[in-house]
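Residue-level structure breakdown
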Amino acid sequence: MSASMTLLLEGAARLGLALTPPQVEAFRRYQAMLLAWNRRFNLTAITEPEGVQVRHFLDALSCLPAMRARGGLEGRRVVDVGTGAGFPGLPLKIVCPAMRLTLVEATRKKTDFLRALVAELALTGVTVIHARAERLGREALHRERYDWALARAVAEMRVLAEYLLPLVRLGGWALAQKGEHAPAEVQRAACAITLLGGEVERLEPVTLPGLAEERFLVLVRKVAATPPRYPRREGMPAKRPLSCTDTERS
Ligand code: SAH
């Protein structure tokens, strides 16, 4: 079955990316496998090739210019938290094979899909972990080990800060892909971000071909170590998001 990948190719070109034939083939297989698995398991609400190419593949690739502008991805350690069916991490890995990618996902059927997909695409330098971010953030192998921690559509910014920032090394970055509520969410998360050792560097507006909705990349720099008591135990960040009161108590 051969599907048209025109939307992806044109959108990638707009991002300054000339996809090679093997990369296009990898995306074609990713799309086919995602749509096939989706008929059996609910991996994603997006079920049309056009949606997959724009809302999944290009949306993920829209992180690339900001990441390249901050030191590139060659040999970098990148963790994608709550990656679901691999977004944004795997499309980035397909176009930047030299990055080292860890995919973290709490739902088993999704990690099963990711493992099958990584094998199908014969990707190297990808680790799939079935866990919650809070657990990883307390493990020496993962805590403050990553150059980049990414997430899309996982939690509001106050909660996401507690998932992502413990994983980022000093001088590294957390990147959250957000919609129109990004400015308000970031404002609400200001105390949480500072408490966890982050500093908001920029809210970068991004546009995707054919989509009117506002999108932002929230870029947070890790400027101080995360205090040892964070992240709190599994479930706590979402149940009781960090607030300015927590800052005063620390
Ligand atoms: N990032 C993907 C999936 C978004 S859905 C995308 O944008 O398409 C959110 C996913 O995050 C779900 O698959 C859920 O299982 C996972 N998730 C939520 N909280 C998590 C946590 N604390 N640790 C790991 N995964 C989490």
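An account of the accompanying structure is given in this report. (Residues numbered from 1 in each chain as written. Predicted model: local features only at pLDDT ≥ 70, side-chain atom pairs only at ≥ 80, totals over all residues. Heavy atoms only, no water.)

1. Let's talk about the side chain of Lys110
To be explicit about the condition: A helix here means a DSSP run of H or I that spans at least four residues, while a strand means a run of E at least two residues long, and both kinds are numbered starting from the N terminus. Under the scheme applied here, a residue whose accessible area is under 20% of the maximum for its type counts as buried, over 50% as exposed, and between as partly exposed, the area being computed with a 1.4 Å probe on protein chains only. Under the counting rule used here, the positive set is Lys and Arg, the negative set is Asp and Glu, and His together with the chain ends is not counted. Note on definitions: salt bridges are taken to be side-chain nitrogens of Lys or Arg within 4 Å of carboxyl oxygens of Asp or Glu. In this analysis, two residues are considered to be in contact whenever any of their non-hydrogen atoms come within 4.5 Å of each other.
With respect to the element layout, Lys110 can be found in helix H6 (residues 108–120). This buried residue, Lys110, is left without a salt bridge; Glu105 holds the nearest opposite charge, at 4.8 Å. Those residues in contact with Lys110 that sit more than four places away from it in its chain are Asn42, Leu43, Gly84 and Glu105.

2. Re the packing of aromatic side chains
The relative placement of two aromatic rings is captured by the distance of their centres and the angle of their planes. Let me state the cut-off plainly: Only Phe, Tyr and Trp rings are paired, with Trp represented by its six-membered ring, and only when their centres lie within 6.5 Å; those with planes under 30 degrees apart are stacked, over 60 edge-to-face, the remainder tilted.
Tallied over the full model, the rule gives 7 aromatic pairs. A ring pair is formed by Trp37 and Phe113, whose centres lie 5.3 Å apart and whose planes are at 70°; its orientation type is edge-to-face. Of this pair, Trp37 sits in helix H2 (residues 21–40) while Phe113 sits in helix H6, and the two are 76 residues apart along the sequence. The exposure class assigned to Trp37 is buried, which follows from its relative accessible area of 16%. Following the ring pairs from residue to residue traces out a cluster consisting of Phe27, Tyr30, Phe57 and Phe87.

3. Side note on the site of the ligand
As a reminder, the rule being used: Residues are labelled near a given molecule or strand when at least one of their non-hydrogen atoms is within 4 Å of it. What qualifies as a polar contact is a pair of N or O atoms within 3.5 Å, subject to a donor-acceptor requirement within protein and to the restriction that residues adjacent in sequence count only when both atoms come from side chains. Surface accessibility in these figures is a Shrake-Rupley result with a 1.4 Å probe; residues are shielded only by whichever protein chains are displayed. Under the scheme applied, nonpolar residues are Ala, Val, Leu, Ile, Met, Phe, Trp, Tyr, Cys and Pro; charged residues are Asp, Glu, Lys and Arg; polar residues are all the others, including Gly.
Near the ligand, the surroundings consist of 16 residues, among which Gly82, Phe87, Glu105, Lys110 and Arg152 are the closest. In this structure, Phe87 approaches the ligand through a main-chain N or O atom, which is 2.7 Å from a nitrogen atom. Thr107 places a side-chain nitrogen or oxygen 3.0 Å from an oxygen atom of the ligand. Bound to the protein, the ligand loses 83% of the 570 Å² it would expose on its own. Each residue belonging to the shell around the ligand can be placed in one class, and the counts come to 7 nonpolar, 4 polar and 5 charged.

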